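What follows is the residue order along each chain.
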Amino acid sequence: MTRTYWAAGTAVLLALLFAVAATVASASGGDGDGSRTSSRAPGLYSPDAGFARDMAVHHQQAVEMSFIVRDRTKDEPVRGLAYDIANTQANQRGMLLGWLDLWGLPKVVADEPPMSWMGAADEHGGHAGHDTGAMAGHDMGGATTKPGALMPGMATKEELAQLGAAEGRDAEVLYLQLMTDHHKGGVAMAQGCAAQCKTPAERALAQGMVEAQQSELTLMADMLKQRGAATRG
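For clarity, every value in this text was computed on a predicted model and none was experimentally measured.

Cut-offs and rules
- Residues numbered from 1 in each chain as written.
- Predicted model: local features only at pLDDT ≥ 70, side-chain atom pairs only at ≥ 80, totals over all residues.
- Heavy atoms only, no water.
- Helix = DSSP H or I, 4+ residues; strand = E, 2+ residues; numbered from the N terminus.
- Buried < 20%, exposed > 50% of the residue type's maximum accessible area, 1.4 Å probe, protein only.
- Contact = heavy atoms within 4.5 Å.
- Areas by Shrake-Rupley, 256 points an atom, 1.4 Å probe, with all protein chains shown as cover.
- Salt bridge = Lys/Arg side-chain N within 4 Å of Asp/Glu carboxyl O.
- Phe/Tyr/Trp six-rings, centres within 6.5 Å; stacked < 30°, edge-to-face > 60°.
- Axes fitted to C-alpha atoms, helices over the stretch in contact; angles between N-to-C directions.
- Parallel < 35°, antiparallel > 145°, perpendicular 65-115°, else oblique.
- Left-handed = near helix turned anticlockwise from the far one by under 90°.
- Nonpolar A, V, L, I, M, F, W, Y, C, P; charged D, E, K, R; others polar.

Below, the discussion takes up the overall build of the protein. Helices and strands together make up the secondary structure of the protein, namely 6 helices and 2 strands. Helices and strands in the protein line up, N terminus first, as α-α-α-β-β-α-α-α. Burial analysis of the protein (233 residues in total) assigns 49% to the buried set. In the protein, the proportion of contacts linking residues at least 24 apart, taken out of those at least 6 apart, comes to 74%. As presented, the protein carries roughly 10700 Å² of accessible surface, and 55% of it is formed by carbon and sulfur atoms.

Printed below as a string of structure tokens:
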């Protein structure tokens, strides 16, 4: 268990280091190794911009769920995990929104369905016309968008209300199950950016998210097992 905590903590730290490096690289126009990237900002419908917008929303819910569970249990391992997730994802969300500001792009695009950047943008960042807004039931490597949820892994309003009403072990188990689903969706989205995004710094941050959340998935599976529970499938 100690080894699992150490691995998760190390992955979170690496993700934060990627975020710091990404800020410097974006501000300087380079990719962190002294080379220069194109001075042209990503397009409105590019994977770079779409991922930044969608993952900012995705992260915000993780922060919300983490604050909810910290008030619903006195279990220190769960409260510690919730604090780490809230802190890490709030910092990363600020990074993503900061890039949108840097690129002069809006944080919300009215005609852009969630996840439409996944394979829906051409090499110039233009809109390719793929309507992927109806993501309900769409599977991405085991990450599914449930009816009533915006993006892969996200909880519904009803599930958030259920978490807010639970206490003690019930709150711990539900949080770990919801966050497991959330991380699976986040990993799939980050893998998409790591493969499609053109901005080297953003790709590095996305890869850091993948590694950190995969480690936390292992940790949460162990924590559920300790509580006589399991993931929801």
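Next comes the rest of the description.
A few words now on the environment of A49. Its place among the elements puts A49 in helix α2 (residues 47–70). Take A49: its relative accessible area is 0%, and that puts it in the buried class.

With the rule as written, the count across this model stands at 9 salt bridges. Its salt-bridge partner being D181, residue R232 comes within 2.9 Å of it at the nearest N-O pair. With R232 in the segment after α6 (200–226) and D181 in helix α5 (residues 168–196), the pair connects residues that are 51 residues apart, well separated along the chain. Overall, the relative accessible area of 38% leaves R232 in the partly exposed class. Assessed through its relative accessible area of 16%, D181 is described here as buried. One network of salt bridges, with partners in common, ties together D75, E172 and R227.

Next up on the list: the packing of aromatic side chains. Taken as a whole, this structure holds 2 aromatic pairs when the rule is applied. With a centroid separation of 6.3 Å and an interplanar angle of 10°, the aromatic rings of W99 and W103 are classed as stacked. Separated by 4 residues within a single helix, W99 and W103 lie in helix α3 (residues 76–103), roughly one turn from each other. As far as burial versus exposure is concerned, W99 and W103 are alike and both buried.

Let us look at the packing of α2 against α3. Here α2 crosses α3 at 155°, and the two axes come no closer than 8 Å. Relative to α3, the element α2 is oriented roughly antiparallel. When you trace α2 past α3, the crossing you get is left-handed. Classifying every residue of the contact of α2 with α3 by side-chain character gives 19 nonpolar, 5 polar and 5 charged.

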